[in-house]
Amino acid sequence: MWRVSVQSVRHYWALFAGTFVALALGVGLVGVSASALAATWAVPTVSAAGTASVTLTDQAGGAHTVTTGQADLGGVQSVLAMGGVVSGFVTVFVVAGTCAFGIALRRRDMGLLRLVGAGGPQVRRMVLGESLVVAVPAAAVGCVLAAVAAPATVRALNGTGLSPVELRPGPLFWPLVFAAGTGLLLAFLGMVAASKRAARARPVEALREADLDSRSMTAGRAVAGVLALVGGGAMVALTSGAGEEAATPLALFGTMALAVAASLLGPLYLPPVLRLLSLPLRLTDPVAGRLAAESVRTARRRTAALVGPVLAIVAIVGVFTTVLSTAGAASAADDRARTAAQLVVEPVGPGGLGARQLAALRSDPRVAAVSAPAALDVAVAGPTTAWKEQAAVLDPVELSRTHRISATEGALAPLAPDTVAVSAEFASWYGFHAGSTVSYGLFGGRPVTARVAAVLEGGSAVPHLLLPGAAASGAAAPERASVLLTPAAAGSPGAAADALTAALGPDQVRVVPSATWFDHHSTDQERLNRLVLLVLTVPGCLYALIAVGSTLVMSYSRRGREVTAMRMLGVSSGQVRRMALWESVSTTLVGAAVAAGVVTLGVHAFRGALRVFGGSTPLSVPWQFLGTLFAACLLMSVTVSLAATGHLLRRVSAGTAGARQ
């Protein structure tokens, strides 16, 4: 059957071109993501020689040496890993759908093979042979694309500032092997599932029925769709009751599962929905509108295949961007709500706020309280390991006056030399409680064993680890200070800010109202969030757009007979083109609408898991980005559909002219 497989790929090249493009680009996308991650792993670990270090003993008795030279690449690695999840999900979705759609378009041909004596196992071997013929060169092309794009991607990543150190492209061999193996595995699994259906094609049934109308909803597809629906629904239902850390993956993966279910169950609900959508078209454009409505109703599998890529990319990008944006907006809103201080003081130049400036602030008659966290890098020992942690030298009592915080365990009091305070988030991560002991150490110093005096709830206003003033010798100068004004000065914070600026020196400090500082800070944070979202989603978006075009090319490669029949019945070329236009517009609209519904469920549950002090959780949706994505999907769909329809019409006209001659 190998020769038959090769001849089949040559004959139906337009069908297999979509699978080839989807697989090659998917391998390239996975290869680039893996190469970027490998570049972060290839960053050399700085040895303890020549750098400050401290050796701590964990709770299990193991010794760990932590150095200041160890770069923290966890943030950029998390971004790249999430980007890989987006790319991988879209790749699996598109490749599996493309393979199944290609087999569905050839159901009649499978029946002919059965009619001439081919058995079910032979048909399956032929289909698997076709996957090998397409997948091997597609994986090779994808590896070439990844090898070319990976160095440029790493250089672009350095330009974003997400990495604390400069990344250099590492060896590409293993990332490309991983990408190629992933692509071959996806193609094989996709064709295995599709070949089962091809082997069950009955000769007589395939000869007398339309290509796509027969058994569009198979038992396997229905079972998988129901399982995805139940699993996704369960994850989304659990999201609102989970904490923020657990809610994020539940919302993301639950929404992705619901998107899979919506795609798999598409043949059941999409045709009636699209027919309802086409009712206005029947009034404004009776012939083309009715043709488009009947086309999407009868060709259920084709309709689901055309809706699928749009649904997948809008759903995955929509939920990732909205969840991350909403989480950032909730954190910013919580910070604002918890800040009681009316002013923020920052140094004009580098170096932080000096002791003289802080003393002048505290002695000013307009100032009631000042909190100025002095950042300090320490090493902390946990149950089985030790790690580098960002701590701060800060008095909890001062912090409680400028910010609305509370002690969930212990009491708010000045820290003694042998005590520390921890945030509620830090305590939940590592199991610390009031009265527990924490082993930490300053770099270049000796380990310190301290008692947890209090567990503080205050959002991001509370550092993970608060140290007593005795540790201030190793702390950096505070980067900013929060100032609580006296009741007499609180009525006009702007005037108080100007007066403090003049008193401390406008060339030394910048004093602004807290609301102004938050506005400026949120703008910078939104800019960083947009950058992260671009890294996460743009590669997957470009890939999905190409997949939309490839699926349409596959679809129209088998519609020549349909277009010929319409022309013979008197349908004009303009009406055929408008039919293609309405099909493209309606399938894109429905795909985006279903995706919006799925994302709404996930984001609503995610908002329920977030907490904002004294208020409700804001909803942040990147409408401009998502609108651009939808417009791009619509433009791609309409452009390819009209171009393919024009090609078919020209071929029909040429055939008619040749027959007349």
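Residues numbered from 1 in each chain as written. Predicted model: local features only at pLDDT ≥ 70, side-chain atom pairs only at ≥ 80, totals over all residues. Heavy atoms only, no water.

So, about the overall build of the chain. When helices and strands are counted, the chain shows 22 helices and 13 strands. Looking at the 661 residues of the chain, the share that counts as buried comes to 47%. Relative to all contacts within the chain whose residues are 6 or more apart in sequence, the contacts with residues 24 or more apart total 82%. Looking at the chain as shown, the accessible area adds up to about 29100 Å², and 64% of this sits on carbon and sulfur atoms. (Helix = DSSP H or I, 4+ residues; strand = E, 2+ residues; numbered from the N terminus. Buried < 20%, exposed > 50% of the residue type's maximum accessible area, 1.4 Å probe, protein only. Contact = heavy atoms within 4.5 Å. Areas by Shrake-Rupley, 256 points an atom, 1.4 Å probe, with all protein chains shown as cover.)

Glancing now at the environment of serine 325. Locating serine 325 in the fold gives a position in helix α13 (residues 300–338). A residue is classified by how much of its surface remains accessible, and serine 325, at 14% relative accessible area, is buried. Linking serine 325 and proline 618, residues 293 residues apart in sequence, is a C-alpha distance of 9.8 Å.

Within the secondary structure, aspartate 334 sits in helix α13. If we ignore the near neighbours within four places in the chain, the residues touching aspartate 334 are Gly459, Arg611, Val612 and Phe613.

Averaged over the chain, the pLDDT score is 81; the fraction of residues at 70 or greater is 83%. Element-level pLDDT for the chain is lowest in helix α7 (residues 203–208), with a mean of 51, against a maximum mean of 94 in strand β12 (residues 481–485). Considering only residues more than four positions removed or in separate chains, one finds that residues 205–212, a stretch of pLDDT under 50, has 23 contacts. (pLDDT = per-residue confidence, 0-100.)

Right, let's talk about the packing of aromatic side chains for a bit. Here the structure, examined in full by the defined rule, presents seven aromatic pairs. Measuring from centroid to centroid gives 4.3 Å for tryptophan 387 and tyrosine 430, while their planes differ by 20°, and the two rings are stacked. With tryptophan 387 in strand β6 (residues 386–393) and tyrosine 430 in helix α16 (residues 424–430), the pair connects residues that are 43 residues apart, well separated along the chain. With a relative accessible area of 15%, tryptophan 387 lands in the buried category. Assessed through its relative accessible area of 27%, tyrosine 430 is described here as partly exposed. For the pair phenylalanine 426 and phenylalanine 432, a centre-to-centre distance of 5.7 Å together with 10° between the ring planes defines the contact as stacked. Each member of the aromatic cluster is reached from another via a ring pair, and the members are Trp387, Phe426, Trp429, Tyr430 and Phe432. (Phe/Tyr/Trp six-rings, centres within 6.5 Å; stacked < 30°, edge-to-face > 60°.)

Time to look at the nonpolar core. Residues Ile313 and Ile316 are the most contacted members of the largest nonpolar core, which totals 56 residues. Val420, Val438, Val452 and Leu465 belong to the second-largest nonpolar core, a separate cluster that totals 19 residues. (Core = buried A, V, L, I, M, F, W, Y, C linked by side-chain atoms within 4.5 Å.)

What follows concerns the pairing of β6. A large share of β6 lies buried, amounting to six of its eight residues. The sheet contact formed by strand β5 (residues 374–381) and β6 spans eight bridges and is antiparallel. Bridging across to β6, alanine 381 finds its partner in alanine 386. Connecting the antiparallel pair β5 and β6 is a turn made up of four residues. When β6 meets strand β11 (residues 465–467), the two strands line up parallel, connected through three bridges. In the strand pairing of β11, alanine 392 is matched with leucine 466. (Pairing = 2+ DSSP bridges.)

Remark: helix α9 (residues 244–264) packs on α13, axes separated minimally by 9 Å, with the N-to-C direction vectors making an angle of 165°. When the axes of α9 and α13 are compared, the pair comes out roughly antiparallel. In terms of crossing hand, the pair formed by α9 and α13 is right-handed. Only Gly308, Leu311, Ala315, Ile316, Val319, Phe320, Val323 and Ala327 of α13 make contact with α9, whose side of the interface consists of Glu244, Thr248, Ala251, Leu252, Thr255, Met256, Ala259, Ala262 and Ser263. (Axes fitted to C-alpha atoms, helices over the stretch in contact; angles between N-to-C directions. Parallel < 35°, antiparallel > 145°, perpendicular 65-115°, else oblique. Left-handed = near helix turned anticlockwise from the far one by under 90°.)

One open sheet holds the four strands; their spatial order is β4-β12-β3-β13, and the pairing between them is antiparallel. Strands at the two margins of the open sheet, each flanked by one partner only, are β4 (367–371) and β13 (509–513). With strand direction ignored, the average angle separating the axes of adjacent strands in the sheet is 25°. Its contacts with the sheet place helix α18 (residues 493–504) against β3 (343–347), β4, β12 and β13, and it is angled at close to 175° to β13.

All right, on to helix α14 (residues 355–363) then. Taken together, the buried positions of α14 are occupied by Gln357, Leu358 and Leu361. The buried side chains of α14 occupy one side of the element, clustering within an arc of 100° when seen end-on. For α14, the exposed residues lying more than 90 degrees away from the buried face are Ala355, Arg356 and Ser363. The elements touched by buried residues of α14 are β3, β4, β12, α18 and β13. (Arc of directions from axis to C-beta.)

Should their charged atoms come close, side chains of opposite charge can pair. One pass over the full model with this rule turns up six salt bridges. The residue glutamate 398 makes a salt bridge to arginine 362 at a minimum N-O spacing of 3.4 Å. With a gap of 36 residues between them, glutamate 398 in helix α15 (residues 396–402) and arginine 362 in helix α14 connect regions that are remote in the sequence. The class of glutamate 398 is partly exposed, set by a relative accessible area of 23%. A residue is classified by how much of its surface remains accessible, and arginine 362, at 38% relative accessible area, is partly exposed. We note a salt bridge from aspartate 364 to arginine 366, for which the minimum N-O separation is 3.0 Å. For aspartate 364, a relative accessible area of 11% puts it in the buried group. We classify arginine 366 as partly exposed; its relative accessible area is 28%. In this structure, a network of salt bridges that share partners links the residues Asp334, Arg338 and Glu457. (Salt bridge = Lys/Arg side-chain N within 4 Å of Asp/Glu carboxyl O.)

The next subject is the environment of serine 572. Within the secondary structure, serine 572 is located in the loop between α20 (560–568) and α21 (573–609). It is 10.0 Å that separates the C-alpha atoms of serine 572 and leucine 649, two residues lying 77 residues apart in sequence.

Let us look at a nonpolar patch on the surface. Taken together, the side chains of Leu132, Val136 and Leu184 define a hydrophobic patch exposed on the protein surface, amounting to about 230 Å² of accessible area. Mapping leucine 132 onto the fold places it in helix α5 (residues 120–160). (Patch = residues over 30% accessible without salt bridge, like charges linked within 9 Å, V, L, I, M, F, W, Y side chains within 5 Å.)

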